[in-house]
Amino acid sequence: MQNESLKSMISILTTAKKDNDFGEDNKKIDNLCILLKQLEIKMPTIDEINKIEKDILDLEIKYDIFNELSYYFNPLCIKIKNNIHNEEVRKIREENKTKRGV
């Protein structure tokens, strides 16, 4: 994955949380940081990506300090979704190849 984008996003979240109190959203920020750190380790599912995307959008709408998050996440999201799609296509082709006996 793109480590720089992830690091920037995590940095924005942790710095903002350290400098401000977001009340109930502190837990959402912590969970978002955990999910972003997991992106470096394993390939997420579409549902996980959509949840991250929803949380980022929610934070951006509520707080101006998080306006940069989608700037970093959107290109990363597109690459991840393309990778997931390519992997699914590869699996389908392998299954079809096996069915044909090639």
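Each remark here, short or long, concerns the structure printed above.
To start, this report covers the structure provided alongside it. All values reported here derive from a predicted model rather than from experimental measurement.

1. Quick notes on helix α2 (residues 25-41)
And then number 1: End to end, α2 covers 25 Å across 17 residues, agreeing with the expected 24 Å (1.5 Å per residue, within 8%).
And then number 2: Those residues of α2 that sit buried are D25, N26, I29, L32, C33, L35, L36 and L39.
And then number 3: Next to the buried residues of α2 lie α1 (3-19), α3 (46-62) and α4 (69-100).

2. Quick look at the environment of G101
And then number 1: Its location among the elements puts G101 in the segment after α4.
And then number 2: The spatial distance from the C-alpha of G101 to the C-alpha of I10 is 48 Å, given a sequence separation of 91 residues.

3. A closer look at the side chain of N26
And then number 1: Among the structural elements, N26 can be located in helix α2.
And then number 2: Taking relative accessible area as the criterion, N26 reaches 16% and is therefore assigned buried.
And then number 3: Engagement of the side chain of N26 in a polar contact is seen with the backbone nitrogen of F22, the distance being 3.3 Å.
And then number 4: Apart from the residues lying within four places of it in its own chain, the contact partners of N26 are K17 and D21.

4. Describing the packing of aromatic side chains
And then number 1: In this structure the tally under the stated criterion is four aromatic pairs.
And then number 2: Pairing F22 with Y63 gives two aromatic rings, centres 4.7 Å apart and planes at 65°, and the pair type is edge-to-face. With F22 in the loop between α1 and α2 and Y63 in the loop between α3 and α4, the pair connects residues that are 41 residues apart, well separated along the chain.
And then number 3: Assessed through its relative accessible area of 8%, F22 is described here as buried.
And then number 4: Pairing Y71 with Y72 gives two aromatic rings, centres 5.1 Å apart and planes at 75°, and the pair type is edge-to-face.
And then number 5: A network of ring pairs unites the aromatic residues F22, Y63 and F66 as a single cluster.

5. Some words on the state of the cysteines
And then number 1: Inspection of the entire model under this criterion finds zero disulfides.
And then number 2: Looking at the unpaired C77, the closest cysteine sulfur is the one in C33, lying at 18 Å.
And then number 3: Given the relative accessible area of 4%, C77 is considered buried.

6. Thoughts on the environment of S8
And then number 1: Assignment of secondary structure puts S8 in helix α1.
And then number 2: Along the sequence, S8 and Y72 sit 64 residues apart, while their C-alpha atoms lie 7.6 Å from each other.

7. So, the packing of α1 against α4
And then number 1: For the pair α1 and α4, the least separation of the axes is 9 Å and the interaxial angle reads 150°. By the criterion of interaxial angle, the relationship of α1 to α4 is roughly antiparallel. Every pair of crossing elements has a handedness; the one defined by α1 and α4 is left-handed. Here S5, L6, S8, M9, I12 and L13 of α1 come into contact with α4, specifically with L69, Y72, F73 and L76.
And then number 2: In the contact of α1 with α4, the residues fall into eight nonpolar, two polar and no charged.

Reading guide: rules and limits
Residue numbers here run from 1 along each chain, matching the order of that chain's written sequence. Given that the model is predicted, a residue must reach a pLDDT of at least 70 before its local features are reported, and side-chain atom pairs must reach 80 or more before they are shown or counted; all residues, however, enter totals for whole chains, interfaces and linings. Calculation of side-chain values draws on the structure's entire complement of heavy atoms; hydrogens and water are dropped beforehand. Elements are defined by DSSP. Helices are runs of H or I of four residues or more, strands are runs of E of two residues or more, and each kind is numbered from the N terminus. Here the expected length of a helix is defined as 1.5 Å per residue gap, with one fewer gap than residues. Residue burial is assigned from relative accessible area. The probe radius is 1.4 Å, only protein chains are included, and a residue is buried under 20% of its type maximum, exposed over 50%, and partly exposed in between. Residue contacts follow a heavy-atom distance rule, with two residues in contact if any of their heavy atoms lie within 4.5 Å. N or O atoms within 3.5 Å of each other form a polar contact, as long as, within protein, one can give a hydrogen and the other can take it, and as long as residues adjacent in sequence are counted only when both atoms are side-chain atoms. Note on aromatic contacts: the rings of Phe and Tyr and the six-membered ring of Trp form a pair at centre separations within 6.5 Å, being stacked when their planes are under 30 degrees apart, edge-to-face when over 60 apart, and tilted otherwise. Pairs of cysteine sulfur atoms within 2.5 Å are identified as disulfides in what follows. Think of each axis as a best-fit line through the C-alpha atoms, taken over the contacting stretch in the case of a helix, with angles from 0 to 180 degrees between the N-to-C directions. Note on angle classes: values under 35 degrees are labelled roughly parallel, values over 145 roughly antiparallel, values of 65 to 115 roughly perpendicular, and the remainder oblique. Should the near helix be turned counterclockwise from the far one by less than a right angle, the crossing is left-handed, whereas a clockwise turn marks it as right-handed. Charged means Asp, Glu, Lys or Arg here, nonpolar means Ala, Val, Leu, Ile, Met, Phe, Trp, Tyr, Cys or Pro, and polar covers whatever is left, Gly included.

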